Amino acid sequence: MDGWDVQSGSGVRFYWGPTGASRLANEAACLVAVDVLSFTTAVSVAVDRGIRVLPFPWPGGPASEAERSGAAQVTAAYARQSGARLASHRHTVTPETPWSLSPAHLRAAPFVARPVLPSPNGAAIAAAAPPGVRVVAACLRNITAVGTWLTCHGYGTPEHPVVVIAAGELWPDGSLRPALEDLLGAGAHSGSRSHSAGGYARPCRADRAPSRAGCAGSGRPRPGR
């Protein structure tokens, strides 16, 4: 696929929201999701605790109650199938289900190895990645770690492009509402110290890669798998 909209020939590419992710995901060797408030920040907090997050797209914008109810059933079934605990919405946490998209909740809640974290923005961006494309959860607190991880794995060249997606938010009609914090986060990662004019810096030795880059994992979980 060629064209200005897919930014062909660039080692680092940028777009907004789940629609942009769907547009560029097939062009990516690695997809970097930036949803500062709060999906990717929550993932980075979870990774700090040794937790593996399973992202799951959640309907946003003008979704009907029936659509949300159906999504809740599918998400719960996915959590059971994956042997994971389902996170709640931040305003409905209980002592039995204390995990949510809130980074503070994930930091304070009891350890769980595999929570399913529904999100209409960050998780929807992760869901756009085709099989084999790694997804990285980037935020303002893991700029250095993510840049180092991308460098160590050789991403950020025209042959192995990184696609950086700023999540933004959705207006009630479902249209994109750009978010300053996500633009700042995307710019910080695109212009991190590991970045040079030709893409990310020369790959480092694999044994020097950071143990925790704030990544969503090597790939992404999929509904029904």
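Going by the structure above, here's the rest.
Position labels on residues start from 1 in each chain and follow its written sequence. Only residues with pLDDT of at least 70 are given local features in this predicted model, and only at 80 or more are side-chain atom pairs given and counted; all residues enter the totals for whole chains, interfaces and linings. The side-chain quantities take in all heavy atoms of the structure and omit both hydrogens and water.

A. Representation of the sheet that holds strand β3 (residues 54–57). DSSP bridges decide pairing: two strands pair if at least two such bridges lie between them. In this description a helix means any DSSP run of H or I spanning at least four residues, a strand means any run of E spanning at least two, and both kinds are numbered starting from the N terminus. The strand order β3-β5-β4 describes an open sheet built from three strands, whose pairing is parallel. Only two strands of the sheet have a single neighbouring strand rather than two, namely β3 and β4 (85–86). Taken together, the two bridges between β4 and strand β5 (residues 115–119) define a ladder with parallel strand orientation. Residue leucine 86 lies in a different strand from β5, and its bridge partner there is valine 116. By definition, residues are in contact when any of their heavy atoms lie within 4.5 Å. Orientation is described by axes fitted as lines to C-alpha atoms, over the contacting stretch for helices, and by angles from 0 to 180 degrees between their N-to-C directions. On the sheet, helix α3 (residues 65–82) packs against β3, β4 and β5 and is oriented at approximately 160 degrees with respect to β3.

B. Region of the structure containing the sheet that holds strand β1 (residues 12–16). Pairing within the open sheet is parallel, and its four strands lie in the order β1-β7-β2-β6. Edge strands, defined here as strands with exactly one partner in the open sheet, are β1 and β6 (134–138). Going from strand to strand, the sheet's axes swing by 25 degrees on average, the running direction of each strand aside. Relative to β6, strand β2 (residues 30–34) is paired through five bridges, and the arrangement is parallel. Residue valine 32 lies in a different strand from β6, and its bridge partner there is valine 136. Contacts from helix α6 (residues 143–152) reach β2, β6 and β7 (162–166), with the element oriented near 160 degrees to β6.

C. View of the pattern of salt bridges. The salt bridge definition used is simple: a Lys or Arg side-chain nitrogen within 4 Å of an Asp or Glu carboxyl oxygen. For the coordinates displayed, the defined rule picks out two salt bridges. A salt bridge links glutamate 27 to arginine 13; the nearest nitrogen and oxygen atoms lie 3.4 Å apart. Residue glutamate 27 is located in the loop between α1 (17–24) and β2, and its partner arginine 13 is located in strand β1; the two are separated by 14 residues in the primary sequence. Side by side, glutamate 27 and arginine 13 carry an identical accessibility label, which is buried. Note on classification: 1.4 Å probe, protein chains only; a residue is buried when its accessible area is under 20% of the maximum for its type, exposed when over 50%, partly exposed between these limits.

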